[in-house]
Amino acid sequence: MSTATETEGQAKDLQELESVVIRFCGDSGDGMQLAGTQFTNVSAAFGNDVSTLPDFPAEIRAPAGSLAGVSGFQLCFSSSDIYTPGDEVDTLVAMNPAALKTNVKDLKRGGTLIVNDDAFDKSNLQKAHYDDNPLDVGDSLAGYHLHRVPMTRLTRDAVEGLGLSQREADRCKNFFALGLVYWLYDRDPKPTEEWIQTKFSKHPSIAEANLRALKAGQNYGDATESFAVHYKVAPADLPPGMYRKITGNEAVAFGLVTAAKLAKQELFYGGYPITPASDILHELSKLKHFGVRTFQAEDEIAAITSVIGAAFGGALAVTASSGPGIALKGEGIGLAVMTELPLVIVNVQRGGPSTGLPTKTEQSDLFLSYFGRNGDCPLPLLAAQSPGDCFEMAQEAMRIAVEHMTPVFLLTDGYIANGAEPWPIPNLADLKPIQVTHPTEPNGNGDGYLPYLRDERLVRPWAVPGTPGLEHRLGGIEKSDGTGNVDYDPQNHQHMVETRQRKIDLIADDIPEQEVFGPDQGELLVVSWGGPFGAVRTAVDHCLKEGKSVAHCHLRYINPFPRNLGDLLGRYRKVLVPELNMGQLRMILRGKYLVDAVGYNKIQGKPFLVSEVVARIKKMLGPT
């Protein structure tokens, strides 16, 4: 939807749009992530609703100009509520032939295509496996509004006289592209100008060069005859409050620190770097003044055992990794389950198996997190649905861990972890309290301290080592309930295995009942979890507006499931489970509730498109 207006004093039309999808793409050294992040920040500051999808190359430094080295950043900004970074791209900025080749298929027909014409030389065309220059070849790009902009030359002209080398000058061309797109969508560049001045305060010539390039891009859009129209997206009608842009990894870190403050405890994080979870460690390491201690271990096994030690010592303990690292942590997680120590394990999922697709998103670690330990080894499983939701679910994971004395899995994925959205900063009074109790007196009625004497929820006490009279030992060998003494008796082992399972099952009484978006009964229920939330919610909303009998059930608690889930599933004739895996949640639902759930599975390292889910819903419903 758009409206055209004439603004007094302007030579070009200004059209108003409801939402726009932009993608910046280029070589991994072209600064596309920075350009996309700055456009996101400016749009969020303006008041738009924003959703982003960064797309990193897997190689640390692929050859410049190669297909494998393309880096992209997609964002959708809108004057209304949005849940995804968009399906088709409205404006594609391609900095070289490889970027064009790998991304142009996502540009909608009639969309705006802006290319750095200077990069389409013989060498770069060969690296992208083009026989001829696609900008010159017949009808290959005839379906788009193509703008060939000599960005490299114009950037060099803009920074001339500042004493920069050619390489330094060329690194400013991302700001030229950003300035041009700022003009195209009527964005105020002031926040970016302030960021440049702060970022490069110790390098005045670099700061001035980037500012000049940014301004040159704006001036080019205003002066060239190539662009006859530019566009405006009004602010969104968001609920009142103070907002900031937040990524999923940032939100996890902030949520964990908030949980520690709510519990009046110190936070210990032990981890080993792995894509895409490393930023959680990076963010927490900046927050030492909030009582956070971070430890970069030598490997994943050291990371999980350090966290077990911290939990035994009475700290709020957390580790994070992705699929390969979670596999290595498996034995340690089993020890935490056996000893019933509270800690949080964040699994930021990526494409697998093995090293798989390290920079792409997937949901294929559900089985690993649910079952991936030897023996019957149950623990709670939570999954965040969006970047901002990671803040709440990190706190919820910690609350369940300490109040039920168990390790807890929190699942996110690469899409959630690296994506960003506007996040309303919450009021402290609205945050759910976290109760931590460390006993100070023996509980054995004359028999000393019993580390496994349970309450009505089967939760054992959490004594801090060194507390007089509460000396005790823990270990991975089976033990007697109550005393914790080593016990190999067959009946005792069955009792302890069943007790640990019942303790997890009872957590269902301490979590919310499952809600449904749409009618509470009908033809089709779409069940999702994790990152697909936005695409599925938007698709279901679209179908509801067409009068379809469909509803959406999004799960944030996966083990145990909400206590009313079985009843909800039985209210619909059909159940569809879209997942970025081969059908892992579907198999669990079928096994637990005997429901004839049908899977819709995508394993391409990319999130669902709304259009894909809409098409599958209509196929499930059949002709109406």
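Remember, predicted model here, so these are calculated numbers, not experimental data. (Residues numbered from 1 in each chain as written. Predicted model: local features only at pLDDT ≥ 70, side-chain atom pairs only at ≥ 80, totals over all residues. Heavy atoms only, no water.)

Peer 1: Please explain the overall build of the protein chain as it appears in this structure.
Peer 2: Secondary structure summary: the protein chain contains 21 helices and 22 strands in total. Computed over the C-alpha atoms, the radius of gyration of the protein chain is 27 Å, within 12% of the 25 Å expected from 2.2 N^0.38 for a compact globule of 624 residues. Reported as C-alpha extents along the three principal axes, the dimensions of the protein chain are approximately 90 × 65 × 50 Å. Partitioning the intrachain contacts of the protein chain with sequence separation of at least 6 by distance along the chain shows that 76% fall at a separation of at least 24. (Helix = DSSP H or I, 4+ residues; strand = E, 2+ residues; numbered from the N terminus. Rg over C-alpha atoms; globule rule 2.2 N^0.38 Å. Contact = heavy atoms within 4.5 Å.)

Peer 1: Hey, could you run me through the domain arrangement of the protein chain in this one?
Peer 2: Put simply, an interface is often sized by how much accessible area is lost when its parts join up. Split into domains, the protein chain comes out as domain 1 (2-233), domain 2 (244-430), domain 3 (437-511) and domain 4 (522-621). On a C-alpha basis, the centroid separation for the pair domain 2 and domain 4 is 25 Å. The interface is formed by 28 residues belonging to domain 2 together with 22 residues belonging to domain 4. For the pairing of domain 2 and domain 4, the buried interface totals around 2200 Å² over both sides, and the portion due to carbon and sulfur atoms is 59%. Our count for the contact surface shared by domain 2 and domain 4 stands at 2 salt bridges. Joining domain 2 to domain 4, the criterion identifies 16 residue pairs in polar contact (both at pLDDT 80 or more). For the side of domain 2 that touches domain 4, the secondary structure elements donating two or more residues are α14 (366-371), β15 (381-383), α15 (389-404), β16 (407-413) and α16 (414-418). It is α15 that contributes the most residues to the side of domain 2 that touches domain 4, 5 residues altogether. (Domains from an automatic or database assignment. Buried area = accessible area lost by both parts, 1.4 Å probe. Salt bridge = Lys/Arg side-chain N within 4 Å of Asp/Glu carboxyl O. Polar contact = N/O pair within 3.5 Å; in protein donor to acceptor, adjacent residues only side chain to side chain.)

Peer 1: How should the side chain of S43 be read in this particular structure?
Peer 2: With respect to the secondary-structure elements, S43 resides in helix α1 (residues 32-46). A distance of 3.1 Å separates the side chain of S43 from the side chain of R187, its partner in a polar contact. Once you skip the residues sitting within four places of it in the chain, S43 turns out to touch N48, V50, F77 and R187.

Peer 1: In this structure, what is going on with helix α17 (residues 490-505)? I would like to understand it.
Peer 2: One turn of the α-helix equals 3.6 residues, which is why residues spaced by three or four share an orientation. Between its terminal C-alpha atoms α17 stretches 23 Å, which fits the 22 Å expected from 16 residues at 1.5 Å a residue. If you check which residues of α17 are buried, you get N492, M496, V497, T499, R500, K503 and I504. The buried side chains of α17 occupy one side of the element, clustering within an arc of 160° when seen end-on. The exposed set on the far side of α17, more than 90 degrees from its buried face, consists of P490 and Q491. Packed against the buried residues of α17 are α13 (330-339), α15 and β20 (557-559). (Expected span 1.5 Å × (residues − 1). Buried < 20%, exposed > 50% of the residue type's maximum accessible area, 1.4 Å probe, protein only. Arc of directions from axis to C-beta.)

Peer 1: Would you mind showing me how to read the pattern of salt bridges here?
Peer 2: Working definition: two side chains of opposite charge can pair if their charged atoms are close together. Going through the model one piece at a time under the given rule, you end up with 31 salt bridges. In this structure, R156 engages D170 in a salt bridge whose closest nitrogen and oxygen atoms are separated by 2.7 Å. Taken as a pair, R156 in helix α4 (residues 151-158) and D170 in helix α5 (residues 166-170) lie far apart in primary sequence, 14 residues in all. For R156, a relative accessible area of 34% gives the class partly exposed. For D170, a relative accessible area of 16% puts it in the buried group. Each member of the salt-bridge network shares a partner with another, and the members are E396, R399, E403, K432 and D510.

Peer 1: Quick question: what am I supposed to make of empty space enclosed by the protein here?
Peer 2: Any empty space left between the atoms is revealed when a probe the size of a water molecule rolls over them. As enumerated under the stated definition, the model contains 1 cavity of 30 Å³ or more in all. In this structure, the largest cavity encloses a volume near 40 Å³. Contributing to the lining of the largest cavity are V337, E340, P378, T406, P407, R500, K503 and I504. Considering each element in turn, the lining of the largest cavity owes the most residues, 3 residues, to α17. (1 Å grid on protein atoms, 1.4 Å probe; cavity = no way out; pocket = protein on both sides within 12 Å on 5 of 7 lines; lining within 4 Å. Points joined across faces, edges and corners; volume = space filled by probe spheres on them.)

Peer 1: What is the right way to read the packing of helix α9 (residues 248-263) against α15 from this model?
Peer 2: Helix-helix packing is described using two parameters, namely the angle between the two axes and the distance between the axes. For the pair α9 and α15, the least separation of the axes is 7 Å and the interaxial angle reads 40°. The angle between the axes of α9 and α15 places the two elements in the oblique class. Note on packing geometry: the crossing formed by α9 with α15 is right-handed. Here G248, A251, V252, F254, G255, L256, T258, A259 and L262 of α9 come into contact with α15, specifically with C390, F391, A394, Q395 and M398. Of the residues belonging to the contact of α9 with α15, the class tally is 10 nonpolar, 4 polar and no charged. (Axes fitted to C-alpha atoms, helices over the stretch in contact; angles between N-to-C directions. Parallel < 35°, antiparallel > 145°, perpendicular 65-115°, else oblique. Left-handed = near helix turned anticlockwise from the far one by under 90°. Nonpolar A, V, L, I, M, F, W, Y, C, P; charged D, E, K, R; others polar.)

Peer 1: Looking at this structure, how should I read the sheet that holds strand β4 (residues 49-55)?
Peer 2: Backbone-to-backbone hydrogen bonds join strands into a sheet, with any given pair of strands oriented parallel or antiparallel. Here 6 strands make up an open sheet; going across it, the order is β4-β5-β3-β6-β7-β8 and the pairing mixed. What marks the edges here is a single partner per strand, and that holds for β4 and β8 (145-149). On average, each strand axis in the sheet is inclined to that of its neighbour by 15°, with strand direction left out of account. Strands in contact with helix α6 (residues 173-184) are β3 (19-27), β6 (89-94), β7 (107-116) and β8; relative to β7, the strand with the most contacts, it is inclined by about 140°. (Pairing = 2+ DSSP bridges.)

Peer 1: Even after reading the chapter, I still don't get the nonpolar core, so can you show me in this structure?
Peer 2: Nonpolar side chains in soluble globular proteins tend to be buried together. Ranked by size, the top nonpolar core spans 52 residues in total, and within it L267, L284, L316, V346 and M398 carry the most contacts. Secondary structure elements with two or more residues in this core: α9, β11 (267-271), α10 (278-285), β13 (316-321), β14 (343-349), α15, β16 and α16. For this core, the two domains that each supply at least three residues are domain 2 (244-430) and domain 3 (437-511). One finds F24, M32, F73 and L214 within the second-largest nonpolar core, a separate group that totals 47 residues. (Core = buried A, V, L, I, M, F, W, Y, C linked by side-chain atoms within 4.5 Å.)

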